[in-house]
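Structural features, examined
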Amino acid sequence: MVTFGTKPAIVSDALIDVLKSLEAAKQQPQPLFLPGERVRLTSGAFTGVEGIYQMSDGENRAMVLIEVLSRPVQMQVAPGNLSKTS
């Protein structure tokens, strides 16, 4: 609430509409990767291995499905250790 002293300020409907449109225009941050997207590990023992991004596992980890010995294996990696494949 905006006041001048103890009296409420009069705000035009146009200003309220502008403020509402600015609030509606705010966007949520876009995720780095989408489920099902192909990614490449960029560090660690599996550097260069491609996998399929599964989901975020909290703020510091991502679940990636890779193939090891012809079997799918889920592993947790830091999102900073992934890149999108072309």
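Residues numbered from 1 in each chain as written. Predicted model: local features only at pLDDT ≥ 70, side-chain atom pairs only at ≥ 80, totals over all residues. Heavy atoms only, no water.

**Looking at the pairing of strand β4 (residues 50-56)**
For strand β3 (residues 38-41) and β4, the ladder comprises 3 bridges, and the chain directions are antiparallel. Bridge pairing in β4 links Arg 40 to Glu 50. Direction of pairing for β4 relative to strand β5 (residues 62-68): antiparallel, over a ladder of 4 bridges. Bridge pairing links Ile 52 to Leu 65 in β5. Hairpin connection, β4 to β5: the antiparallel pair is bridged by 5 residues, and Gly 58 has positive phi, about 90 degrees. (Pairing = 2+ DSSP bridges. Helix = DSSP H or I, 4+ residues; strand = E, 2+ residues; numbered from the N terminus.)

**Let's talk about the confidence of the model for the protein**
Looking at the protein, pLDDT values average 86 and 100% of them are 70 or higher. Per-element mean pLDDT across the protein ranges from 82 in strand β1 (residues 3-4) up to 93 in β3. (pLDDT = per-residue confidence, 0-100.)

**Considering the pattern of salt bridges**
Applying the stated criterion to the full structure yields 3 salt bridges. The partner of Arg 38 in a salt bridge is Glu 50, with the nearest N and O atoms 3.3 Å apart. Taken as a pair, Arg 38 in strand β3 and Glu 50 in strand β4 lie far apart in primary sequence, 12 residues in all. For Arg 38, a relative accessible area of 40% translates into the label partly exposed. For Glu 50, a relative accessible area of 32% translates into the label partly exposed. For Arg 40, the salt bridge goes to Glu 50, with nearest N and O atoms at 2.6 Å. Of this pair, Arg 40 sits in strand β3 while Glu 50 sits in strand β4, and the two are 10 residues apart along the sequence. Residue Arg 40 is classed as partly exposed on the basis of its relative accessible area of 30%. Beyond isolated ion pairs, a larger network of salt bridges with shared partners links Arg 38, Arg 40 and Glu 50. (Salt bridge = Lys/Arg side-chain N within 4 Å of Asp/Glu carboxyl O. Buried < 20%, exposed > 50% of the residue type's maximum accessible area, 1.4 Å probe, protein only.)

**A few points about the nonpolar core**
Ranked by size, the top nonpolar core spans 10 residues in total: Phe 33, Val 39, Leu 41, Tyr 53, Ala 62, Val 64, Ile 66, Met 75, Val 77 and Leu 82. Listing elements by their share of this core, those giving two or more residues are β3, β5 and β6 (71-77). At 3 residues, the largest contribution of residues to this core is made by β5. Among all residues touching Tyr 53, those that are not within four sequence positions of it are Phe 33, Leu 34, Pro 35, Gly 36, Glu 37, Val 39, Ala 62, Met 63 and Leu 82. (Core = buried A, V, L, I, M, F, W, Y, C linked by side-chain atoms within 4.5 Å. Contact = heavy atoms within 4.5 Å.)

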